[in-house]
Amino acid sequence: GNAPASEAPTTGRKMQAVRATGQTEQGAMTQDSWLAAREDLRVRVGRENYARWIEPLRLVGVADGVVRFAVPSTFVGDWVGRTYADMVLAALSQH
């Protein structure tokens, strides 16, 4: 079964609410830019890591400089936040 998505706002490096910089703070973040960033991340992290950790992330929105993602579990959110937060923010800032 699928666990319910977690959207708990946090600060710091948690993926559920990753602190954003640059364009994303100004609300320019869109689903299209997330899709483009995902393509960059697929190349950077490799196919298997992408499928396991990045692909399940769903953009919820951007507010007050925080990018929120729905994640399939707290474990995935915590792992991605610790392991890929900087990479995700860098990819987002390019789109």
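Rules used throughout
Residues numbered from 1 in each chain as written. Predicted model: local features only at pLDDT ≥ 70, side-chain atom pairs only at ≥ 80, totals over all residues. Heavy atoms only, no water. Buried < 20%, exposed > 50% of the residue type's maximum accessible area, 1.4 Å probe, protein only. Helix = DSSP H or I, 4+ residues; strand = E, 2+ residues; numbered from the N terminus. Pairing = 2+ DSSP bridges. Axes fitted to C-alpha atoms, helices over the stretch in contact; angles between N-to-C directions. Parallel < 35°, antiparallel > 145°, perpendicular 65-115°, else oblique. Left-handed = near helix turned anticlockwise from the far one by under 90°. Contact = heavy atoms within 4.5 Å. Nonpolar A, V, L, I, M, F, W, Y, C, P; charged D, E, K, R; others polar. Core = buried A, V, L, I, M, F, W, Y, C linked by side-chain atoms within 4.5 Å. Phe/Tyr/Trp six-rings, centres within 6.5 Å; stacked < 30°, edge-to-face > 60°. Salt bridge = Lys/Arg side-chain N within 4 Å of Asp/Glu carboxyl O.

For strand β3 (residues 66-70), a buried count of 4 out of 5 residues is recorded, marking the element as mostly surrounded by other parts of the structure. In this sheet, β3 lies alongside strand β2 (residues 58-63) in antiparallel orientation, the contact comprising 5 bridges. Each bridged residue has a counterpart across the sheet, and for Val62 the counterpart in β3 is Val67. Remark: 2 residues form the turn of the hairpin made by β2 and β3, two consecutive strands paired antiparallel; Asp64 in that turn has positive phi of roughly 55°.

For the rest of this paragraph, the subject is the packing of helix α1 (residues 31-45) against helix α2 (residues 47-54). α2 packs onto α1 with a crossing angle of 135° between their chain directions and a minimal axis gap of 7 Å. Between α1 and α2, the interaxial angle falls into the category oblique. Two packed elements cross with a definite hand, and for α1 against α2 that hand is right-handed. From α1, Trp34, Arg38, Leu41, Arg42 and Val45 reach across to α2, where they touch Arg47, Asn49, Tyr50 and Ile54. Classifying every residue of the contact of α1 with α2 gives 5 nonpolar, 1 polar and 3 charged.

Core analysis: the biggest nonpolar cluster contains 18 residues, and Trp34, Ile54, Phe69, Tyr84, Val88 and Leu92 have the highest contact counts within it. Residue assignment for this core shows that the elements contributing at least two residues are α1, α2, β3 and α3 (74-93). It is α3 that contributes the most residues to this core, 6 residues altogether.

A separate point is the packing of aromatic side chains. Going through the model one piece at a time under the given rule, you end up with 3 aromatic pairs. With a centroid separation of 4.8 Å and an interplanar angle of 55°, the aromatic rings of Trp34 and Phe69 are classed as tilted. Within this pair, whereas Trp34 is found in helix α1, its partner Phe69 is found in strand β3, the two being separated by 35 residues in sequence. Owing to a relative accessible area of 1%, Trp34 belongs among the buried residues under this scheme. Accessibility expressed as a relative area gives 0% for Phe69, which makes it buried. Each member of the aromatic cluster is reached from another via a ring pair, and the members are Trp53, Phe75 and Trp79.

Attention shifts here to the pattern of salt bridges. What the rule picks out here adds up to 1 salt bridge. A salt bridge links Glu39 to Arg42; its shortest N-O distance comes to 2.8 Å. Of this pair, Glu39 and Arg42 are both found in helix α1, 3 residues apart, which corresponds to roughly one turn of the helix. A relative accessible area of 42% places Glu39 in the partly exposed class.

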